[in-house]
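# Working through the structure, step by step
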Amino acid sequence: MIATHYKLIAIAAMLGLAGCSGIQRDPPLQVWPDMRYQKKFKPQRSTDLFADQRESRRPPEGVIARGHMNEENPFNTGMDGKLYVGKSPVKVTEAVLTEGHWRFNTYCSPCHDETGLGKGMVPKRWPAWQPQNLMEDRIVEMADGDIFNVITYGRRTMPPYGFQNRPEDRWAIVAYLRVLQRAAHGTINDVPAELQSSVQYKGSNQ
Ligand code: HEC
């Protein structure tokens, strides 16, 4: 009880003094300096807590960080040996397309726009930086692994998006991009026969 009173008085005195000074040159009075002066790691400094003075400890031999085992396989690299995989290793489901949809709209549409034609906000504001029209035949014909690679590392003037999208997310984007391309290249024969007469068809929107 008495100790608590002393602490309160000390705090009140410190607050009072702090209010009086102008430019303070002396370091503040340390009443309980326990944390400031305890032994701890400081970036880029040696430490006497370990015999070898290193702060960054080497992990024990053979240790693998959980969730970071990026094996070189088609799923993680989009490559099969030295070739891009032709078809995505991920089965297309509704959940995959839903994931790909919002990811495309978040990470790709600022430049490529939500239809993939390449008329997003960025080229609108900065006409010198024109993205690729993703509905063009050259991109429709690209291997799935090639597009996966573009998302992971970027290409020429396009920046990479591998940091924001894990491999499964990138495959979801590829799957959704294929949906956009399929829609852009749809023909009247894609409409069920009984509805064809009610549709006005103006040709592909490429
Ligand atoms: C900051 C703007 C920007 C964003 C965001 C962006 N791209 Fe691009 N993208 C570009 C530009 C610019 C090019 C043309 C690059 C060139 O040829 O110099 C391009 C080209 C491409 C190409 C063609 C590559 C080739 O081989 O010619 C593909 C495929 C592509 N983008 C897919 C995507 C996908 C998928 C996303 C979303 C994950 C995305 N882009 C996000 C700007 C962007």
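Residues numbered from 1 in each chain as written. Predicted model: local features only at pLDDT ≥ 70, side-chain atom pairs only at ≥ 80, totals over all residues. Heavy atoms only, no water.

### Remarks on the pattern of salt bridges
The condition that has to hold: Salt bridge, as used here: a side-chain nitrogen of Lys or Arg that lies within 4 Å of a carboxyl oxygen of Asp or Glu. In this description a helix means any DSSP run of H or I spanning at least four residues, a strand means any run of E spanning at least two, and both kinds are numbered starting from the N terminus. Remark: exposure states derive from per-residue accessible area (1.4 Å probe, protein chains only) relative to the maximum for the residue type, with buried under 20%, exposed over 50%, and partly exposed in between.
On inspection of all chains with the given rule, the structure shows 9 salt bridges. A salt bridge links Glu-99 to Arg-103, with the nearest nitrogen and oxygen atoms 2.8 Å apart. Residue Glu-99 and its partner Arg-103 are both found in helix 3 (residues 94–112); the two are separated by 4 residues, about one turn of the helix. Among the residues examined, Glu-99 registers a relative accessible area of 26% and is labelled partly exposed. Exposure remark for Arg-103: the relative accessible area of 8% places this residue in the buried category. Between Arg-166 and Asp-169 there is a salt bridge, with the nearest N and O atoms lying 3.1 Å from each other. With a relative accessible area of 48%, Arg-166 lands in the partly exposed category. Members of the salt-bridge network, linked through shared partners, are Glu-99, Arg-103, Arg-166, Glu-168 and Asp-169.

### Some remarks on helix 6 (residues 144–153)
By the criterion of burial, helix 6 is predominantly enclosed, with 9 of the 10 residues buried. Phi turns positive, to about 75 degrees, at Gly-154, one or two residues after helix 6.

### Structural notes on the site of the ligand
Heads up, the rule is: We call a residue near a molecule or strand as soon as one heavy atom of that residue lies within 4 Å of the molecule or strand. Any pair of nitrogen or oxygen atoms within 3.5 Å is treated as a polar contact; in protein, a donor-acceptor pairing is required on top of that, and neighbouring residues in sequence qualify only through side-chain atoms on both sides. Each residue is assigned to one of three groups, with Ala, Val, Leu, Ile, Met, Phe, Trp, Tyr, Cys and Pro labelled nonpolar, Asp, Glu, Lys and Arg labelled charged, and all others, Gly among them, labelled polar.
The ligand sits among 21 residues. The nearest are Cys-108, Cys-111, His-112, Thr-157 and Met-158. Interatomic distance of 2.8 Å between a side-chain N/O atom of Arg-156 and an oxygen atom of the ligand. The separation between an oxygen atom of the ligand and a polar side-chain atom of Thr-157 is 2.7 Å. Elements that contribute at least two residues to the shell around the ligand include exactly helix 3, helix 5 (137–140) and helix 6. Looking at which element gives the most residues to the shell around the ligand, the answer is helix 3, with 4 residues. Residue composition of the shell around the ligand, grouped by class: 14 nonpolar, 4 polar and 3 charged.

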